[in-house]
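Survey of secondary and tertiary structure
Okay, here's what each chain looks like letter by letter:
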Amino acid sequence: MEKNDDKDPDHNDKSIIEEKADVVSDAHPPDESDGNSKENVDVGNAETEHNPEDNVESQGEEIQQTLESLSEELDQLLSSLSLHKEEHKDDNTEEKEKGDQEDDDYFQIPQFVGKFLDLLEDKLSKYDSGEPKTVWYQDQDEVSSLLEAVDRVSNLMRLLLNTKSCLDHHEPLINHAGSIQQRAMAFLEDEFRILLEESVIKETTDDTGSQRKSTEDAVVSQDNDQVTAPEPGDQEIEYPGYSEDVVALMRKIAEKMKAGGYGWECREVYLVGRRNILMRTLKQDCEFEKVSIDEVQKMSWGELEREIPIWTKTFKNCSSLFFPGELKLAEKIFPGDEGSLFCIVAHGLTIQFLGFAEAVAMTKRSTEKLFKILDIYETLRDSFPPMEELFPEELRSELRNEVTSVRSRLGESAINIFSDLENSIKSDSSKTPVPGGAVHPLTRYTMNYLKYSCEYKDTLEQVFKSHSKMEQEEEEVPANNSACSAFASQLMRIMDLLDGNMEAKSKLYKDIPLSCIFMMNNGRYIVQKIKGSAEIHEVMGDTWCRRRSSELRNYHKSYQRETWGKLLGFLGHEGLMHNGKIVKPNLKERFKSFNATFDEIHKTQTTWVINDEQLQSELRVSITAVMIPAYRAFMARFGQYLDPGRQTEKYVKYQPEDIEDLIDELFDGNTSSSSTATAKRRT
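Residues numbered from 1 in each chain as written. Predicted model: local features only at pLDDT ≥ 70, side-chain atom pairs only at ≥ 80, totals over all residues. Heavy atoms only, no water.

**A short note on the overall build of the protein chain**
Across its full length, the protein chain holds 21 helices and six strands. In the protein chain, of all internal contacts separated by at least 6 residues, the share reaching a separation of at least 24 is 79%. Only carbon and sulfur atoms are counted for the fraction: they give 46% of the accessible area of the protein chain, which is about 33800 Å². (Helix = DSSP H or I, 4+ residues; strand = E, 2+ residues; numbered from the N terminus. Contact = heavy atoms within 4.5 Å. Areas by Shrake-Rupley, 256 points an atom, 1.4 Å probe, with all protein chains shown as cover.)

**Side note on helix α21 (residues 656–663)**
Here α21 has its buried residues at Pro656, Asp658, Ile659, Leu662 and Ile663. One face of α21 carries all of its buried residues, which in axial projection span an arc of 160°. Residues of α21 that are buried in the fold lie against α18 (584–605) and α19 (613–638). (Buried < 20%, exposed > 50% of the residue type's maximum accessible area, 1.4 Å probe, protein only. Arc of directions from axis to C-beta.)

**Details of the nonpolar core**
One finds Phe192, Tyr270, Phe323, Leu380 and Tyr559 to be the most contacted residues of the largest nonpolar core, which totals 176 residues. If one sorts the elements of this core by residue count, helix α9 (residues 301–333) sits on top with 14 residues. If we skip the residues at most four places from it in the chain, Tyr559 touches Pro513, Cys516, Ile517, Met520, Trp564, Gln605, Trp608, Leu619, Ile623 and Phe667. (Core = buried A, V, L, I, M, F, W, Y, C linked by side-chain atoms within 4.5 Å.)

**Observations concerning the packing of aromatic side chains**
What the rule picks out here adds up to 26 aromatic pairs. A centroid spacing of 6.4 Å and a plane angle of 50° characterise the contact between Trp564 and Phe598, whose relative ring orientation is tilted. Note that Trp564 is positioned in helix α17 (residues 534–569) and Phe598 in helix α18, a separation of 34 residues in sequence. Trp564 sits in the buried class, given a relative accessible area of 1%. Residue class for Phe598 comes out buried when judged on its relative accessible area of 1%. Taken together, the aromatic side chains of Phe288, Trp311, Phe315, Phe353 and Phe356 make up a single cluster linked through ring pairs. Seen from the ring of Phe638, Arg637 lies directly overhead, with NZ or CZ sitting 4.9 Å from the centre. (Phe/Tyr/Trp six-rings, centres within 6.5 Å; stacked < 30°, edge-to-face > 60°. Lys NZ or Arg CZ within 6 Å of the ring centre and 35° of its normal.)

**Focus: the packing of α9 against helix α11 (residues 370–388)**
For any two helices packed against each other, the geometry comes down to the angle between their axes and how far apart the axes lie. Relative orientation of the contacting elements α9 and α11 amounts to 15°, with a least axis distance of 10 Å. Judged on the interaxial angle alone, α11 and α9 are roughly parallel. For the pair α9 and α11, the crossing hand works out as left-handed. Of the residues in α11, those touching α9 at Trp301, Glu305, Ile308, Pro309, Trp311, Thr312, Phe315, Lys316, Cys318, Ser319 and Phe323 are Lys372, Asp375, Ile376, Thr379, Leu380, Ser383, Phe384, Pro386 and Met387. (Axes fitted to C-alpha atoms, helices over the stretch in contact; angles between N-to-C directions. Parallel < 35°, antiparallel > 145°, perpendicular 65-115°, else oblique. Left-handed = near helix turned anticlockwise from the far one by under 90°.)

**Details of the packing of helix α14 (residues 457–467) against helix α15 (residues 486–506)**
Look at α14 against α15: their axes get within 7 Å of each other, and the N-to-C directions meet at 105°. As the angle between them shows, α14 and α15 are arranged roughly perpendicular. From α14, Lys457, Leu460, Glu461 and Phe464 reach across to α15, where they touch Ala486, Phe487 and Gln490. Residues of the contact of α14 with α15, tallied by class, amount to four nonpolar, one polar and two charged. (Nonpolar A, V, L, I, M, F, W, Y, C, P; charged D, E, K, R; others polar.)

**Side note on the environment of Phe667**
With respect to the element layout, Phe667 can be found in the segment after α21. According to the relative accessible area criterion, Phe667 is buried, its value standing at 1%. Sequence-wise, Phe667 and Thr607 are 60 residues apart; in three dimensions their C-alpha atoms are separated by 6.2 Å. Those residues in contact with Phe667 that sit more than four places away from it in its chain are Ile517, Tyr559, Gln605, Thr606, Trp608, Val609, Ile610, Gln616, Leu619, Arg620 and Ile623.

**Digging into the side chain of Arg548**
Along the chain, Arg548 turns up in helix α17. In contact with Arg548, other than residues within four places in its own chain, are Asp499, Gly523, Ile526 and Val527.

**Brief notes about the pattern of salt bridges**
Evaluated as defined, the whole model comprises 29 salt bridges. A salt bridge links Glu255 to Arg251, with the shortest nitrogen-to-oxygen separation between them at 3.9 Å. Taken as a pair, Glu255 and Arg251 lie in helix α6 (residues 244–259) at a separation of four residues, close to a single helical turn. Under the relative-accessibility criterion, Glu255 is labelled partly exposed at 41%. One network of salt bridges, with partners in common, ties together Glu189, Asp190 and Arg193. (Salt bridge = Lys/Arg side-chain N within 4 Å of Asp/Glu carboxyl O.)

**A word on unusual backbone geometry**
The backbone of Glu287 sits at a positive phi, close to 65°, despite the residue not being glycine. If you trace the backbone, Glu287 turns up in the loop between α7 (263–286) and α8 (293–298). We note that Phe667 has phi near 70°; this positive angle belongs to a residue other than glycine.

**Topic: the environment of Lys123**
Relative to the helices and strands, Lys123 is located in helix α2 (residues 111–128). A sequence separation of 61 residues divides Lys123 from Ala184, and the C-alpha atoms of the two residues are 9.8 Å apart.

**As for a negative patch on the surface**
On the surface, a cluster of negative charge is made up of Glu68, Glu72, Asp139 and Asp141. One can find Glu68 in helix α1 (residues 56–98). Assessed through its relative accessible area of 45%, Glu68 is described here as partly exposed. (Patch = residues over 30% accessible without salt bridge, like charges linked within 9 Å, V, L, I, M, F, W, Y side chains within 5 Å. Lys, Arg positive; Asp, Glu negative; His and termini not counted. Charge placed at Lys NZ, Arg CZ, Asp CG, Glu CD.)

**Topic: the confidence of the model for the protein chain**
On average, residues of the protein chain score 78 in pLDDT, and 74% of them reach the 70 mark or higher. Of all the helices and strands in the protein chain, strand β4 (residues 227–228) carries the lowest mean pLDDT, 36, while α11 carries the highest, 96. Taken together, the stretch residues 1–65 has pLDDT below 50 and engages in 107 contacts with residues farther than four places along the chain or on a different chain. Per-residue pLDDT stays below 50 along residues 471–483; that stretch engages in 24 contacts with residues further than four places along the chain or on separate chains. (pLDDT = per-residue confidence, 0-100.)

**Considering the environment of Ile253**
You can see Ile253 is positioned in helix α6. Look at Ile253 and you get buried, because its relative accessible area is 0%. The spacing of Ile253 and Gly263 is 10 residues in sequence and 9.9 Å in space, taken between C-alpha atoms.

**Thoughts on the side chain of Ser515**
Its location among the elements puts Ser515 in helix α16 (residues 512–531). The exposure class assigned to Ser515 is buried, which follows from its relative accessible area of 15%. Discounting chain neighbours no more than four positions away, the residues touching Ser515 are Ser506 and Tyr509.

In structure tokens form, the structure reads like this:
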């Protein structure tokens, strides 16, 4: 793995540790010829001279072996010095009180300590040199050797800095050890950052939120620092996408840095890295980008309509996947400190989420925004509780209050939008009748709106119950459980307003039969919409539907009476007989009147519209059932009194079958059909 040269902008092209200024810079201890080194006593350890002429492989092997042997010596020394310091602690305290303390805690530092530091510096140089960079954790021995060596240097520095005589007598060694420790910590910081940013196993997220690994990095065994390279696709990787082995290595680095006094630097690298990775993940997986409240309020509805589904998806995924993953990662790498780290990563983003939701609630109201507002409301209602549990108790109350406030704003906005729908029906006073008596656009819009609204029925009932400030009104409502809800009452109010509006618009038609067709069209459309939606049908109830169907039958009867009642009058016997004989002039006039009236009805009502095929068929069948038997009987009774030939051709314009065919042409909305019914006459 190559080191990432692109430093975080917060670091100003320098690592955090490289900025640390409390260690004296790279001063090496004097060599053996220096007079100051006389205090260093060789305790009989055989030192292996560093030979720069050796090849790289043998050189690495020599360094490792030497570090191992010197590590044992250094461990013994540190243990002895710690014990020595503890034994003299009480004595020094008493002497200090008497004012006659001597340097009884003074001890000599063996020469191999400096050699150990040099060898560790050589190892670090090896990692930093060469192309490509050495991936040190691809070798379990290297991992153990380096981390243990860094730990020993930290222990050495802690002992030296906490012993007064060492500060007085071993300053060069302290400077050298401090320089090596700083360099080691800077190296670990960089490697921690690289592991954090580049060891994420690429994954794809499906609709269920589960993730599958698609590529693998070399990873390190959790138990013994051993590197393993999994086979592609052999394990499921949950967000944030690190293998357990890589997490274990990052935890060990964090522990070593904390033990050396560089815990803050490691935390800072983690926080900056995880914030950036999380935001990058949200952009890649959810297309999410931060937007301010001002930006939201300046967005057009088209832009906002695209942003809201992104927000809901992101919030849900953060609640179920991303935030739990962040908390688990922090727990594994920084056990005992995970709460504060997770909060720093997630809290600000959560507040930003809530700011977006509140900004949407504050935008200008319009009926088309209702469903997106309800989407946000439902997302907060369903996804915030599990998200809330991830935060420590002191933050839960704050976030809970924020969410309660935002949901209240959203709920009030939804209720006001519903009121706006009511007001829009009241204010629709257009005086132009719909051609052909078709379904009015207001009816279509309102019913489709209500049908879609009832898909959110449970949420709307909760919204009206929790956030409605309107007084409950006594109204006739369906006899079912939902009838008592404020939402059901509001729905019934809207239906009554729509009925009244359509009734008023039906009076715009001068032709009473067309007015009946208009009311049948709109009434049938409403009933079919209600029956076709289980949610809205549950609110309106069977009783309401039966009452509306009964009203439709009354309009049907009125239409039939106004249109076909007059035509049936021409087929009566009155006035056609005198003293037992047929009055031919009257019979001829009767046929002429029937033909003219039927032609006019056909010409007019073929332009009328009935969109519902079942209603159209029902009307045609009912007309046929009334007209054809009557016309057939009239023809059988009086047709024989007309002279065959020209007289019959002139007065008997239609056979019963012709009438039946022409009735089947009614209500097609065929405004271009100006052809007369004569064209359909059968010969």
